[in-house]
Amino acid sequence: MSGKEIYIDFIYVFCFNSYYWEGQFSANFIWEGFMRARALTAVVTAVFLVACQQGPTEEQMAGQGNDPLSGEEIRKTLVGNSTHETGHSSGGRYQFAAYFMEGGQARGRAWWSGGQQEGTGRWRIDGNLWCERWNPDKWGGGREICQKVYKDGNQVSFIVVSGSGDNDTVTLKKGNAYDL
């Protein structure tokens, strides 16, 4: 297998790790000349990295005509309500639900084919940012993450401003929809 075939195999597996095409994924059939040009290799790398990006961006939200919520709008949207998401990690498919109570407390549950885990955390609103921190033995290692919040119907998107985490879109449910 040549270097260019390994390069394409790596990008393919990296972006689509839940599925790997058995056999050799070869770029020779069309891309032979294309892959020889070093300048174009940089462009191909950039395209693959964009394709692998997870979660929404501020630019996408603005392009859809969505503005970030104000602190009061964030409070009305999230406090006393639940969020739910489904995703993929190295361990496979998972689901996560959270309930944000008055007074800054949060409860969450992650579940997957091998079991489930429950945890507690804290939330606060800092200006027009939603900040949350889960207990250290659960999610996020106890580090706070602050995010801009966007809402479109029952979909809520979080764009990370400070802290470590991914931008994300979740489904909003009224009340304590998951008995947390």
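Above this text you will find the structure in question.
Below you will find a few notes about this structure. (Residues numbered from 1 in each chain as written. Predicted model: local features only at pLDDT ≥ 70, side-chain atom pairs only at ≥ 80, totals over all residues. Heavy atoms only, no water.)

**Some thoughts on the overall build of the protein**
Convention followed: A helix here means a DSSP run of H or I that spans at least four residues, while a strand means a run of E at least two residues long, and both kinds are numbered starting from the N terminus. Think of it in three bands: residues with accessible area under 20% of the maximum for their type are buried, residues over 50% are exposed, and the middle band is partly exposed, with areas taken using a 1.4 Å probe on protein chains only. It only takes one pair of heavy atoms within 4.5 Å for two residues to be counted as in contact.
A count of helical and extended segments in the protein gives five helices and eight strands. Along the protein, helices and strands appear, N-terminal first, in the series α-α-α-α-α-β-β-β-β-β-β-β-β. By residue count, 34% of the 180 residues in the protein fall in the buried class. Long-range contacts, defined as pairs at least 24 residues apart, comprise 37% of the intrachain contacts of the protein with a sequence gap of at least 6.

**Section: the pairing of strand β6 (residues 145-152)**
Note the threshold: DSSP-based pairing: two strands are paired if at least 2 bridges between them are found.
Sheet topology places strand β5 (residues 129-134) next to β6; three bridges connect them, and they run antiparallel. In the strand pairing of β6, E132 is matched with I145. Between the end of β6 and the start of strand β7 (residues 155-162), which pair antiparallel, lie two residues, with G153 showing a positive phi angle near 65°.

**Re the state of the cysteines**
A covalent bond between the sulfur atoms of two cysteines is referred to as a disulfide. What counts is decided by this rule: Two cysteine sulfur atoms make up a disulfide if the distance between them is within 2.5 Å.
Within this structure, the stated rule accounts for one disulfide. Residue pairing for C131: its cysteine sulfur links by disulfide to C146, the two sulfurs lying 2.1 Å apart. Classification of the bridge connecting C131 and C146 rests on its S-S torsion, roughly 115°, and on that basis the disulfide is right-handed. Of the two residues, C131 is situated in strand β5 and C146 in strand β6; the sequence distance between them amounts to 15 residues. The class for C131 is buried, based on a relative accessible area of 1%.

**Observations concerning unusual backbone geometry**
Here the phi dihedral of D179 falls at roughly 50°; this positive angle occurs in a residue that is not glycine. If you trace the backbone, D179 turns up in the segment after β8 (168-173).

**Some details on the packing of aromatic side chains**
Condition: A pair of Phe, Tyr and Trp rings is counted when the ring centres sit within 6.5 Å of each other, with Trp represented by its six-membered ring. The angle between the planes then sorts it: under 30 degrees is stacked, over 60 is edge-to-face, the rest tilted.
All chains considered together, the criterion is met by six aromatic pairs. Look at F100 and W130: their rings are 5.0 Å apart centre to centre, the planes differ by 85°, and that puts the pair in the edge-to-face class. With a gap of 30 residues between them, F100 in strand β2 (residues 92-100) and W130 in strand β5 connect regions that are remote in the sequence. With respect to class, F100 is no different from W130; both count as buried. Through a chain of ring-to-ring contacts, three or more aromatic side chains come together here, namely F96, W134 and W139.

**Quick look at the nonpolar core**
Operational definition: Throughout, nonpolar core names a set of buried Ala, Val, Leu, Ile, Met, Phe, Trp, Tyr and Cys residues whose side chains join them through atoms within 4.5 Å.
Within the largest apolar cluster, 18 residues are counted, with the highest numbers of intra-cluster contacts made by L78, F100, W130, W134, V149, V156 and F158. For this core, the secondary structure elements donating two or more residues are α5 (71-78), β2, β3 (105-112), β5, β7 and β8. Broken down by element, the residue count for this core peaks at three residues, all from β2. Excluding residues within four positions of it along the chain, L78 makes contact with T83, F100, W130, V156, F158 and L172.

**Regarding the pattern of salt bridges**
Applied cut-off: Here a salt bridge means any side-chain nitrogen of Lys or Arg lying within 4 Å of a carboxyl oxygen belonging to Asp or Glu.
Throughout the structure, instances matching the rule amount to three salt bridges. One salt bridge in this structure joins R124 and D126, with 3.7 Å as the shortest N-O distance. Since its relative accessible area comes to 35%, R124 is described here as partly exposed. Residue classification places D126 among the partly exposed positions, given a relative accessible area of 39%.

**Some points on the pairing of strand β4 (residues 115-126)**
Judged from the eight bridges that link them, β3 and β4 form a sheet pairing that is antiparallel. Within the sheet, the bridge partner assigned to Q105 lies in β4 and is R122. Counting the residues that bridge the hairpin from β3 to β4 gives two residues. Inspection of the sheet shows β4 paired to β5 by six bridges, in the antiparallel sense. Its bridge partner being in β5, G121 is matched across the sheet by W134.

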